[in-house]
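Close look at the chain arrangement
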Amino acid sequence: MTSNEILDKLEEMFPNAECELIHENPFQLAVAVVLSAQATDVSVNKVTPELFKKYPTPQTMAKADIKDIEKYIKTIGLYHNKAKSILGLAQGLVGEFDGVMPQTMDELITLPGVGRKSANVILSVCFEVPAIAVDTHVERISKRLKFAYKNDTVLEVEKKLMRKIDKSRWNRAHHLFIFFGRYFCTARNPKCDECPFTEQCCDTKAKKMKGIV
DNA sequence: ATCCCGAGGG
DNA sequence: CCCTCTGGAT
């Protein structure tokens, strides 16, 4: 199967794959993305509505007490670092960017808690810039379906995906890989028995040889 | 390479 | 019980 054929099939399986983080503007998406590190979007969506209600703008959050922020986000884990990150994110936006979300990779990654992956999500979801954010799902799926090798770094995975996938499909591919990874080709118990990609999957073949599938 | 970390699933 | 979750900073 070609890259386009794989994406066509994924479109068929997940026609409404999209960003599931609750947000109403770029600031809120940036906060939600930072909070989503090593946490499920479900758990993030559980706390952000109340958080955004209390701190709707970078200006209001910039003046928040970090302890109060921690209280709101405690249930998602890693809450100490994340509270510091989103407080610094709000302060950085106000102090360096006049409260307006920047639209370049170089500027975005200067914000605390925002690395390459989060920046790519903000660029593609908020500003429709072609980008492929490589998170845990995208990395796993890319390696299982042989878009990349197992020991490739996330940056190498991103470069290979950009090379092998048409630029016009980058943003869709990101969400399709996420949905496929989240609901079908999961880390622990992937649904190999009903998977349309078993031919080009390294993991499934390994399992077949062992008689697992 | 290590740390951060609670919640949900199997 | 153990593993995983839209990672980033040190």
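Residues numbered from 1 in each chain as written. Chains lettered and ligands numbered in written order. Predicted model: local features only at pLDDT ≥ 70, side-chain atom pairs only at ≥ 80, totals over all residues. Heavy atoms only, no water.

Chain A goes by Endonuclease III in an unreviewed UniProt entry, where it is assigned to Anaerorhabdus furcosa. Taken directly from UniProt, the Catalytic activity (unreviewed entry) text for chain A runs: "2'-deoxyribonucleotide-(2'-deoxyribose 5'-phosphate)-2'-deoxyribonucleotide-DNA = a 3'-end 2'-deoxyribonucleotide-(2,3-dehydro-2,3-deoxyribose 5'-phosphate)-DNA + a 5'-end 5'-phospho-2'-deoxyribonucleoside-DNA + H(+)". The record in UniProt for chain A states the following under Sequence similarities (unreviewed entry): "Belongs to the Nth/MutY family." (UniProt positions renumbered as here; feature names shortened; annotations may be inferred.)

The next point concerns unusual backbone geometry. Of note, Leu-78 is a non-glycine position whose phi angle comes to about 50°, a positive value. Here Leu-78 lies in the loop between helix 5 (66–73) and helix 6 (79–97). Even without a glycine there, the phi angle at Asp-98 is positive, about 55°. The topology assignment puts Asp-98 in the loop between helix 6 and helix 7 (105–108). Classification of Asp-98 by relative accessible area gives exposed; the value is 67%. (Helix = DSSP H or I, 4+ residues; strand = E, 2+ residues; numbered from the N terminus. Buried < 20%, exposed > 50% of the residue type's maximum accessible area, 1.4 Å probe, protein only.)

Here chain A is partitioned into domain 1 (3–16 + 133–210) and domain 2 (26–127). Once you take the C-alpha centre of each, domain 1 and domain 2 turn out to be 28 Å apart. With 9 residues of domain 1 at the contact, the number on the domain 2 side is 7 residues. For the pairing of domain 1 and domain 2, the buried interface totals around 630 Å² over both sides, and the portion due to carbon and sulfur atoms is 54%. It is Ala-133, Glu-158 and Asn-171 that lose the most area in domain 1 upon contact with domain 2, and together they represent 49% of the buried surface on that side. The tally of links from domain 1 across to domain 2 stands at 2 salt bridges. The partner of Asp-41 in a salt bridge is Arg-182, with the nearest N and O atoms 3.2 Å apart. Applying the counting criterion to the domain 1 and domain 2 interface returns 3 residue pairs in polar contact (both at pLDDT 80 or more). Its residues assigned to classes, the side of domain 1 that touches domain 2 shows 3 nonpolar, 3 polar and 3 charged. (Domains from an automatic or database assignment. Contact = heavy atoms within 4.5 Å. Buried area = accessible area lost by both parts, 1.4 Å probe. Salt bridge = Lys/Arg side-chain N within 4 Å of Asp/Glu carboxyl O. Polar contact = N/O pair within 3.5 Å; in protein donor to acceptor, adjacent residues only side chain to side chain. Nonpolar A, V, L, I, M, F, W, Y, C, P; charged D, E, K, R; others polar.)

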